[in-house]
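Residues per chain are reported as follows:
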Amino acid sequence: MVDFTLAEMMSVTAARAVKNDDVCFVGIGMPSEACNLARLTHAPDLTLIYESGTLETRPTVLPLSIGDGELCETALTTVSVPEMFRYWLQGGRITVGFLGAAQLDRFGNINTTVVGDYADPKVRLPGGGGAPEIATSCGEIFIVMRQTKRGFVEEIDFVTSLGHGRGPGDRARLGVTTKGPTRLMTDLCIMEPDPECLEFVVTSIHPGVSRAEIAENTGWAVRFAPQVAETPEPTQVELDALRDLKARTAAAHRVLEKGEAAE
Amino acid sequence: MRDGDTVAMEGFTHLIPHAAGHEVIRQGRTDLTLVRMTPDIIYDQLIGMGCASRLVFSWGGNPGVGSLHRFRDAVENGWPGPLEYEEHSHAAMANAYDAGAAGLPFAVFRGYRGAELARVNPAIKSITCPYTGEELATVPAIAADVAVVHAQKANARGDVLFEGIVGVQKEAVLGAKRSVVTVEEVVDEFEGVGPNAVILPAWTVGAIAVVPGGAHPSYAHGYYMRDNAFYKMWDTVSRDRDSFTAWIKAHVIGGGPQDFAAHVAA
């Protein structure tokens, strides 16, 4: 049995979700960690695109910001930001978009804008950045975030980025033709939309995690799929690649980063 | 730059014109409408010093670190004064800069679908495509009174060369009535530049100021790296009104553009 943390389990799980031929629109923090781990393990040809305009970037350390020089230096080419959003994202070239959230509801709708009322916010969060159009223009969306009652809520305060709306048909009614959130990967489990109602249900539980623990950390009455798998624990290869990547990153940035901020 | 102007000081993480931002503070400009996709530390400083009455933006965090505390204090508590804001997505602002450079009144794109910003921001509207009937989002073009950007170099004629992550700088300058470009250095002629380099011809640029290190703590590709430690330090300095004000007094009011070269010395 290998020794690993739940945070590592989350990164590994997210990395496994991408395929070698995917074209990923990557945000800073956990998505960037997961995508680069995938590239360093099972998906060496994975195409990573950052919204700063860098196409096919292959960073050796994780960037602190979306526009670190490392991303540009290791990219095939770098385009302007209008071109990135117009030709590459809106143009339908991206298969997978990775998003995180401050608040998330059971349909994968995302809030990164405000806690409280928009006009008189309790907490002003950074906002949407690229996310509103990533959520609707990428082929599908993977959401990666730590599972907490504060983040996984019954009602989000503001819909920054569309998930499945209030259920089946909502995306289509808004003229959105992409799949939306198809996977939610946390430090406790994997959730996928119920095929009937599109509510996220638990489909795989990480080793050592209980159903009660998942329920305690979810602000809605969480449901489990009829068949729930146990997530395979990280392999030594995955853990070594992840730890090497994080060590290189820490050395490069000198200070250990938490990587909590998105976009 | 004049009081009350609409100002776009751009640079997408890279080439942020921080030295120029300090000069705006020293000149005591007020009532500015500040336009920037990512307000970053540059606008956090201007907002905290009361230079702005309005902000147009699409992501207001400290990249890789967390919050912009002066921006949050202005929005949540009205300090040092009330700050109105118009909030967009990156796609909307990138398209709006593009429309500004193209001389169009608005930008059209496939966006804001199911996004609540469209409910709270009256500037976001929609149009029906006359060819397909598809409903598309629109936002007003960004045409600033003044654009301020930083670039690697200018040549003796006054042409300006950008390299690396080029963001929306070209669009911001071409869309603005007036422009100022700070540069790392002036060379006689650009050398070793490919035929598709991002160059603003001299006749599109209002003024050039040579400020080595002028993007610090952002970076200039080929010259110096992003000062990530500064971005982390800013989280502490800016959290508190007094420590922020003391920092500005010491480093901005009591400093000048000549200080920036030392910030980036290896």
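These numbers were taken from a predicted model, which means no experiment stands behind them.

Definitions and cut-offs
Residues numbered from 1 in each chain as written. Chains lettered and ligands numbered in written order. Predicted model: local features only at pLDDT ≥ 70, side-chain atom pairs only at ≥ 80, totals over all residues. Helix = DSSP H or I, 4+ residues; strand = E, 2+ residues; numbered from the N terminus. Buried ≥ 20, exposed ≤ 12 C-beta atoms within 10 Å, placed from the backbone. Rg over C-alpha atoms; globule rule 2.2 N^0.38 Å. Contact = placed C-beta atoms within 7 Å. Nonpolar A, V, L, I, M, F, W, Y, C, P; charged D, E, K, R; others polar. Pairing = 2+ DSSP bridges. Right-handed = clockwise from strand over helix to strand, strands pointing away. Axes fitted to C-alpha atoms, helices over the stretch in contact; angles between N-to-C directions. Parallel < 35°, antiparallel > 145°, perpendicular 65-115°, else oblique.

Some remarks on the overall build of chain A
- Scanning chain A for helices and strands turns up eight helices and 14 strands.
- For chain A, the spread of C-alpha atoms along the three principal axes comes to 45 × 45 × 35 Å.
- With 263 residues in all, chain A has 56% of them scored as buried.

Some details on the overall build of chain B
- Of regular secondary structure, chain B possesses nine helices and 14 strands.
- Here chain B has a C-alpha radius of gyration of 18 Å; the compact-globule value for 266 residues is 18 Å, and the two agree.
- Dimensions of chain B, computed from the C-alpha atoms along their principal axes, are close to 55 × 50 × 30 Å.
- Here chain B, with 266 residues, has 54% of them falling under the buried criterion.
- The long-range share in chain B, meaning contacts at least 24 apart out of those at least 6 apart in sequence, stands at 75%.

Looking at the interface of chain B and chain A
- Contact residues are listed per partner, giving 48 residues for chain B and 47 residues for chain A.
- Among the elements that line the side of chain B that touches chain A, the one with the most residues is helix α4 (residues 90-101) of chain B, at six residues.
- Residue composition of the side of chain B that touches chain A, grouped by class: 19 nonpolar, 16 polar and 13 charged.

A short note on the pairing of strand β3 (residues 52-57) of chain B
All names here are of chain B.
- One ladder, built from four bridges, connects strand β2 (residues 32-35) with β3; its direction is parallel. Note on β3: the bridge partner recorded for V35 is V56.
- One crossover worth recording links β2 to the parallel β3 by way of helix α2 (residues 40-48), and it is right-handed.

Points about the sheet that holds strand β1 (residues 23-26) of chain A
All names here are of chain A.
- Pairing in this open sheet of ten strands is mixed, and the strands run β4-β3-β2-β1-β5-β10-β11-β12-β13-β14 from one edge to the other. On the outer flanks of this sheet lie β4 (77-78) and β14 (223-230), each paired with one strand and no other.
- By the bridge criterion, two bridges tie strand β2 (residues 47-50) to strand β3 (residues 54-55) in an arrangement that is antiparallel. Residue pairing across strands places I49 opposite L55, the latter belonging to β3.
- Where helix α2 (residues 30-40) meets the sheet, its contacts fall on β1, β2, β5 (96-99) and β10 (140-144), and the angle it forms with β1 comes to roughly 150 degrees.

Notes on the packing of helix α1 (residues 18-26) of chain B against helix α8 (residues 241-253) of chain B
All names here are of chain B.
- Direction vectors running N to C along α1 and α8 enclose 105 degrees, while the axes themselves pass 10 Å from each other. With respect to α8, the axis of α1 lies roughly perpendicular. Packed against α1, whose contacting residues are H22, I25 and R26, the element α8 presents I248, V252 and I253 at the interface.
- Within the contact of α1 with α8, the residues separate by chemical class into four nonpolar, one polar and one charged.

Quick notes on the sheet that holds strand β8 (residues 125-128) of chain B
All names here are of chain B.
- The sheet built from three strands is open, its strands ordered β7-β9-β8 with antiparallel pairing. Taken across any chain shown, the strands that pair with only one partner, and hence form the sheet edges, are β7 (106-109) and β8. Taken pair by pair, the neighbouring strands of this sheet meet at an average axis angle of 35 degrees, ignoring direction.
- As defined by bridge partners, β8 adjoins strand β9 (residues 135-140) across four bridges and the pair is classed as antiparallel. Paired with I127 across the two strands is L136, which belongs to β9.
- α4 contacts β7 and β9 of the sheet and is inclined by roughly 130 degrees relative to β7.

With respect to unusual backbone geometry
Residue and element names in this part refer to chain B.
- Here the amide bond leading from W79 into P80 is cis, since omega sits at 0 degrees, within 30 degrees of zero.
- Take P80: it is sitting in the loop between α3 (69-77) and β6 (84-87).
- Going from H216 to P217, the amide bond is cis rather than trans, its omega being 10 degrees.
- Inspection of the secondary structure puts P217 in the loop between β14 (207-210) and α7 (228-239).
- Non-glycine residue L15 carries a positive phi angle of around 55 degrees.
- Within the element layout of this structure, L15 appears in the loop between β1 (6-9) and α1.

Comments concerning the environment of N77(B)
- With respect to the secondary-structure elements, N77(B) resides in helix α3.
- For the pair N77(B) and V186(B), spaced 109 residues apart in sequence, the C-alpha separation works out to 44 Å.

Focus: the pairing of β2(B)
All names here are of chain B.
- Here three bridges tie β1 to β2, and the two strands are oriented parallel to one another. Within β2, the residue paired with T6 across the bridge is T33.
- For the crossover that starts at β1, traverses α1 and ends in the parallel β2, the hand is right-handed.

Concerning the environment of L198(A)
All names here are of chain A.
- Along the chain, the position of L198 falls in the loop between β12 (189-193) and β13 (200-205).
- Along the chain, L198 and H164 lie 34 residues apart, while their C-alpha atoms are 6.9 Å from each other.
- Sequence-distant contacts of L198, defined by excluding residues within four places in its chain, comprise F107, H164, G167, P168 and P193.

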